[in-house]
Amino acid sequence: FFFEAWNSMIEAPLFTPSEKDLKDGVSYFSSIHAKHSVPIAKFKLPTSVLAESIDKTRRLYEVLQKHKLPANPKPLRQIAAPGHEERTYQMDNVKWEVGWEEYKPRIKKSDSTVLQGGVATAIQALATTSVADVTGPRPEDVQRAVWQQIGTDPPMHVPHVPMALLHSESETFSLNNLKSLLDWLPEPAARLKSSKLYIGDWKVVVPWHTTEHDMYSIHYHHFGKPKTWYAVHPKHAKKLEDYMMHCFPDLHSDCPAFWRHKSTMIHPDNLEALGIDVHTTVQTEGEAVVIFPYVYHSGLGHGLHVAEMAHFAPLDWIPFGLRASECICPKSKDAARINVKRFSHFLDKGACLTIYSELACSDWIDGDYFLSGSHQAHPCFERVAGQRVWLYYSKEAATWHISSQLDGKQMRAFIVGNQSPLAQGTCKWMVVNPRTRSWEEQSITVHHVILELGCRKSFKVDRFISGNYQMQGMHDGKPYYIRMDTMKKKGARKRGAADEDSDDYPTLYCFWRDELKMWQVASQLGSDAARAYNAEPTALPNHLSTSWRVANPVTERWDEVELPMSVRLPQHCPVCINVHFELPPEHSDWLNGWYALAGVWGARPYYVRKSEQEQTFLYWHVDCQEWQFSDGLGSDDPVAYSAQNAPNPCTVTTAWNALLQPRGNWQLLKMEAVGSWESLSVKMDDDHAPDVHLDAIYSVRGIHDGRPYYGSPSGYAMPAANQLFLYWSRPKEKWVIAAELGPSEGHATNKDDAPMPWQITSPWKVHDGGKRWRK
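Just so we're clear, the structure is a prediction, and the values are computed from it rather than from any experiment. (Residues numbered from 1 in each chain as written. Predicted model: local features only at pLDDT ≥ 70, side-chain atom pairs only at ≥ 80, totals over all residues. Heavy atoms only, no water.)

Asker: Hey, could you run me through the overall build of the chain in this one?
Answerer: When helices and strands are tallied, the chain shows 10 helices and 49 strands. Taken across its 775 residues, the chain has 54% of its residues classed as buried. Considering only contacts within the chain whose residues lie at least 6 apart along the sequence, 58% involve residues at least 24 apart. (Helix = DSSP H or I, 4+ residues; strand = E, 2+ residues; numbered from the N terminus. Buried < 20%, exposed > 50% of the residue type's maximum accessible area, 1.4 Å probe, protein only. Contact = heavy atoms within 4.5 Å.)

Below you can see the structure in the form of structure tokens.
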């Protein structure tokens, strides 16, 4: 038996962070992930950070040597059975009652078995009192011995011991105090954040798996023998999953995500033979290993060792979490689960856009798309959640396509007419109706994410470089942006405001200059005459620190300036707004009512109230710098306006100037605008209706019969429907949960005339799937 993969595996990089780096350890590890395309990395922590845990480590070591193993959780014996392919194993854990004094002779015996294999020259017994006693044979020799003896004399390990050795109150670094998105979680999901100890033995293996919800994990080696890690880059994940399904068909038939059970071990040689690159590292005392998102990893112990691990979730984890497959087996019912969609509004979308359509099946093409690369020299976007869908430019067709494949097959939609780059706003698309499978012309709205480049400095640079930048395309392998604000106040009703010279606010580009390895702001794309630059090699400009070098237009010198780049997203705005003005009875229906989000105009959301006679628009007028109500988008004849520079109408606090008819005089009126952008959770009593499954998170989608309606995500609905809708039916005068909007009786109804569904207090009538309706 020969371990062939040792020389061909890729060695994981080693980093030596400073104490300052670890003060915000999550950001530091996230930056390593962004700058280095590796699945796993090793970190040598500074001794100053570890000093606080030394006493705890020594005390625990003495407990393990002189007394017995922890009583809770129970130790486990690891049983290995051969898989369908050579050098593949199905692992199982069996609880084992054993005292430490009884187990110590087994430790010595396991060490001698390595010697008997003729692969090591010296392995010391572990029944010593020295924490530093970690000497042993070469790592490759130990690995050969482990693989030769898998399946014989089952080893012991104790996972998930609820104990932390790295000081929890440490101001510098603590695995139990990593600040990330997990801090937002309620119990019991928050227990993912808590660090846990792991006690392993000689020959204990860590089967191939990804971490819970494909998030980050960190593993610190406190003391004992080394540990070998294997990891596979996410680009090979699908190939590895296919191979695991081939080797373990019975496990796959029981659970589509059976690798979550941590029950499959595969020799690295097998993966190398399939063209899957395997990364490896040997971890010793004082070193930490970080597993990055969606990385399949495994490992094996060289002998008795104690490690501490924890999960954490920076912002860049969210796209991985949204696509992570989760085990739904009964054995995982107690597993901590996260509704990753709760974090979707945090998603860093510096190169993203959002698509809205008028299709009833909103999950067909709707959603948030992130920049996944380039295709035919144009940006290529991939949808964040749901079925995999791409938005890309086709040179052959000279238009933009939405398709489930990049080769043009299984096309779902394309823009009518030539459009490059992709324009913001609403335009006509040809779309395949997912129900009839026929082509239809539809209005689709594309919301580009806007980057806000601000400034905090004494000299005036607001016109010089600040503003809103919209992504336009790719330059030197990264997205570039164009400043889109006109900031030109025309004075139509500004009572004497003079026109300003538009040359003072020229078009500017924010782009990556690969030749100089820096981000620049300049008046021309690729220009050498930059107004500002930042030399941090990040993927997107909004990942940069706030410190830029700016050519001061006053002193004509380069100054260090704080220029924070933030992202403004359409979903930071309410999807529906209920507008209410205090008006006399004869004007009660004038502007009051529900307005639905219709798109982005003037770099801000605009809303429309539709009736049988007319449409009323609520929008931000860029030229006049005010919020307006009018009968046309961008009209010069508004019926109400407010000059407060608010991000959306709900945040306007000042009075509105309103032109009341028929007298035709302007009055100051106070407006109340309540926005709805939250999701709601539907939870039924399953004992009353066991055959009906309406439980889901329903998100607001728009206006139906004068009130907001909500839709469940695809795949969460009952088997009889791909998606469910919760809406108010004006003809039936009741709330309905159904598979489609319209006159259907649906699956559940309620005649409570509450303005919002969460205000309903009376019981619902639910169809039981047969012939009966139950309350």
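Asker: What is the right way to read the nonpolar core from this model?
Answerer: Nonpolar side chains tend toward joint burial in soluble globular proteins. Counting residues in hydrophobic clusters, the biggest one holds 40 residues, and the most contacted among them are F29, F43, F173 and I218. Elements with a contribution of two residues or more to this core: helix 2 (25-35), strand 3 (40-44), helix 3 (47-50), strand 9 (216-224), strand 10 (227-232), strand 13 (287-291), strand 15 (305-312) and helix 10 (318-323). In this structure F43 touches L14, F15, P17, Y28, F29, I32, G286, E287, A288 and V290, once residues within four positions along its chain are discounted. Within the second largest apolar cluster, 39 residues are counted, among which are F381, W400, C427 and Y469. (Core = buried A, V, L, I, M, F, W, Y, C linked by side-chain atoms within 4.5 Å.)

Asker: For this particular structure, what's the right way to read the pairing of strand 7 (residues 196-200)?
Answerer: Looking down a regular strand, the side chains alternate between one sheet face and the other. Of all five residues in strand 7, four are buried; the element is thus mostly enclosed. With two bridges connecting them, strand 6 (residues 156-161) and strand 7 associate as antiparallel partners. Across the sheet, V158 pairs through a bridge with I199, a residue of strand 7. Sheet analysis places strand 7 next to strand 15, joined by five bridges and oriented antiparallel. Looking across to strand 15, one finds that K196 is bridged to M309. (Pairing = 2+ DSSP bridges.)

Asker: Explanation requested: the side chain of K203 in the structure shown.
Answerer: As for its placement among the helices and strands, K203 is situated in the loop between strand 7 and strand 8 (205-209). Other than its neighbours up to four places away in sequence, K203 contacts Q78, V146, Q149, T152, D153, P155 and G301.

Asker: Sorry if this is basic, but what is going on with helix 7 (residues 237-247) here?
Answerer: Think of an α-helix as turning once every 3.6 residues; residues three or four places apart then point the same way. Regarding helix 7, the residues found buried are A237, L240, E241, Y243, M244 and C247. The buried residues of helix 7 occupy an angular sector of 165° when projected down its axis, which confines them to one face. (Arc of directions from axis to C-beta.)

Asker: So what exactly am I meant to see when it comes to the confidence of the model for the chain here?
Answerer: Low pLDDT means the predicted coordinates in that region are not meant to be read closely. For the chain, mean pLDDT is 75; residues scoring 70 or higher make up 73% of the total. Here residues 455-461 scores under 50 on pLDDT; set against residues more than four positions off or in separate chains, the count is 17 contacts. Scored below 50 in pLDDT, residues 714-720 makes 17 contacts in the model with residues more than four places away or belonging to other chains. (pLDDT = per-residue confidence, 0-100.)

Asker: Hey, could you run me through a negative patch on the surface in this one?
Answerer: A cluster of acidic side chains, namely E614, D631, D636 and D637, defines a negative patch on the protein surface. Of note, E614 is situated in the loop between strand 35 (604-610) and strand 36 (615-621). Classification of E614 as partly exposed rests on a relative accessible area of 45%. (Patch = residues over 30% accessible without salt bridge, like charges linked within 9 Å, V, L, I, M, F, W, Y side chains within 5 Å. Areas by Shrake-Rupley, 256 points an atom, 1.4 Å probe, with all protein chains shown as cover. Salt bridge = Lys/Arg side-chain N within 4 Å of Asp/Glu carboxyl O. Lys, Arg positive; Asp, Glu negative; His and termini not counted. Charge placed at Lys NZ, Arg CZ, Asp CG, Glu CD.)

Asker: When you look at the side chain of S298 in this model, what are you seeing that I'm missing?
Answerer: Here S298 lies in strand 14 (residues 296-301). Judged by relative accessible area, S298 falls into the buried class, the value being 0%. Among residues more than four places away in sequence, those in contact with S298 are V206, P207, W208, T228, W229, Y230 and M265.

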